[in-house]
Amino acid sequence: MVSSYLSLAQLDVPAQLVSDELAKLENYLSSHPLPAVRWQYQIPELGEGGACSLFGYLQDEPFRLTDFLQQDQQTSHKLAQLQLIVDYVVAQTNVDWYGIYQSTATPEGEQLLKLAYFGAPSRPLFPLTEAFAAGSNNVQVALSSRGRVINNVEQYLAKGGEYYTCDPKVKSEACLPLFDSENRCVGIVDGEAFNNDFFNQQILALLIACCIKIPHFLV
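Our subject in this report is the structure included herewith.

About the criteria used
- Residues numbered from 1 in each chain as written.
- Predicted model: local features only at pLDDT ≥ 70, side-chain atom pairs only at ≥ 80, totals over all residues.
- Heavy atoms only, no water.
- Axes fitted to C-alpha atoms, helices over the stretch in contact; angles between N-to-C directions.
- Helix = DSSP H or I, 4+ residues; strand = E, 2+ residues; numbered from the N terminus.
- Parallel < 35°, antiparallel > 145°, perpendicular 65-115°, else oblique.
- Contact = heavy atoms within 4.5 Å.
- Nonpolar A, V, L, I, M, F, W, Y, C, P; charged D, E, K, R; others polar.
- Expected span 1.5 Å × (residues − 1).
- Buried < 20%, exposed > 50% of the residue type's maximum accessible area, 1.4 Å probe, protein only.
- Polar contact = N/O pair within 3.5 Å; in protein donor to acceptor, adjacent residues only side chain to side chain.
- Pairing = 2+ DSSP bridges.
- Core = buried A, V, L, I, M, F, W, Y, C linked by side-chain atoms within 4.5 Å.
- Salt bridge = Lys/Arg side-chain N within 4 Å of Asp/Glu carboxyl O.
- 1 Å grid on protein atoms, 1.4 Å probe; cavity = no way out; pocket = protein on both sides within 12 Å on 5 of 7 lines; lining within 4 Å.
- Points joined across faces, edges and corners; volume = space filled by probe spheres on them.

## Section: the packing of helix α1 (residues 2-9) against helix α7 (residues 201-213)
Point 1. Running from amino to carboxyl end, α1 crosses α7 at an angle of 105°, the nearest separation of the two axes being 11 Å. With respect to their mutual orientation, α1 and α7 come out roughly perpendicular. Contacts from V2, Y5 and L6 of α1 reach α7 at I208, C211 and I212.
Point 2. A class-by-class count of the residues in the contact of α1 with α7 yields six nonpolar, no polar and no charged.

Below, the structure is given as structure tokens:
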């Protein structure tokens, strides 16, 4: 399971480190109460053409997950499990932003839908198109099924790398794919930090452990 994920996502992290983190995560999930589900959340205004978020400017109306998901007991339970994983990641790593996205069919086409997160308000949907992938790590990872770790965003941009900037304080980002039982990419997780070189092997192992567990709770 661990080796398969590392191979599919093309990530170079010791498998034993991931296995150890997976055991810690499963122990946490079995011993902590589920948090409340956030069925709606504030989101930024979008720039011209909806290409980027205007950081610091929020839309008046909150984004509602109920526009895309059935608000029933089963879905509520799964979303609570996902939020518990988010809470665990934040508590263990002090990451500044972390979110879980699922590939979802919408009237505008297939998009990444943000199901649970911690941090500043951010875009709720990312179109799963090659055009949007040109400037979005989230979409690029979802389409390629390969993880991306950028531990110095400024340096990455200076070298001509494409990057979707939401919060200008972000210095490091790790975006990792989620796979279903047939090894299809069905979503991503995204972690952001306000420090360079944040995503070391230990933190990546924890994030990968979460990626192995998360698909059980996707809706």
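Read on, since the account is not over.
## Overview of α7
Point 1. Between its first and last C-alpha, α7 extends 18 Å over 13 residues, near the 18 Å set by a 1.5 Å rise per residue.
Point 2. By the criterion of burial, α7 is predominantly enclosed, with eleven of the 13 residues buried.
Point 3. Along α7, the residues that are buried comprise I203, L204, A205, L206, L207, I208, A209, C210, C211, I212 and K213.
Point 4. One side-chain oxygen at the N-terminal end of α7 lies 3.1 Å from the backbone nitrogen of Q202; it belongs to N200.

## Focus: unusual backbone geometry
Point 1. Positive phi outside glycine occurs at N94, with the angle close to 60°.
Point 2. Tracing the sequence through the fold places N94 in the loop between α3 (73-93) and β5 (97-106).
Point 3. When its relative accessible area of 59% is taken as the criterion, N94 is described as exposed.
Point 4. The backbone of D197 shows a phi angle near 55°, a positive value even though the residue is not glycine.
Point 5. By secondary structure assignment, the location of D197 is in the loop between β10 (185-193) and α7.

## Examining the sheet that holds β5
Point 1. The sheet built from six strands is open, its strands ordered β7-β6-β5-β10-β9-β8 with antiparallel pairing. Two strands bound the open sheet, and with one partner strand each, they are β7 (125-127) and β8 (148-150). Taken pair by pair, the neighbouring strands of this sheet meet at an average axis angle of 20°, ignoring direction.
Point 2. In the sheet, β8 pairs with strand β9 (residues 172-179) via three bridges, with the strands oriented antiparallel. Its bridge partner being in β9, V149 is matched across the sheet by A174.
Point 3. Each of β5 and β6 (109-118) is contacted by α3, which is oriented at about 60° to β6, the strand it contacts most.
Point 4. Contacting β5, β8, β9 and β10, α7 runs over the sheet at an angle of about 30° to β9.

## Points about the nonpolar core
Point 1. Ranked by size, the top nonpolar core spans 68 residues in total, and within it Y98 and I214 carry the most contacts.
Point 2. Here this core gets ten residues from one element, more than from any other, and that element is α7.
Point 3. When sequence neighbours within four positions are dropped, the list of residues in contact with I214 reads L82, I85, Y98, I100, L178 and V189.

## A closer look at the pattern of salt bridges
Point 1. Tallied over the entire structure, the rule returns five salt bridges.
Point 2. Among the ionic pairs, E21 bridges to K24, the shortest N-O distance being 3.4 Å. Of the two residues, E21 and K24 are both situated in helix α2 (residues 15-31); the distance of three residues between them amounts to about one turn of the helix.
Point 3. Taking relative accessible area as the criterion, K24 reaches 45% and is therefore assigned partly exposed.
Point 4. We note a salt bridge from R184 to E182, for which the minimum N-O separation is 3.6 Å.
Point 5. A single network of salt bridges, built from pairs that share partners, joins D180, E182 and R184.

## Details of the layout of surface pockets
Point 1. Volume-wise, the largest pocket comes out at about 250 Å³.
Point 2. In terms of lining, the largest pocket is formed by M1, S4, Y5, L8, F179, D180, S181, N183, C211, I212, P215 and H216.
Point 3. Taken together, the elements giving at least two residues each to the lining of the largest pocket come down to α1 and α7.
Point 4. Per-element accounting of the lining of the largest pocket gives the leading share, three residues, to α1.
Point 5. In terms of residue class, the lining of the largest pocket is built from seven nonpolar, four polar and one charged.

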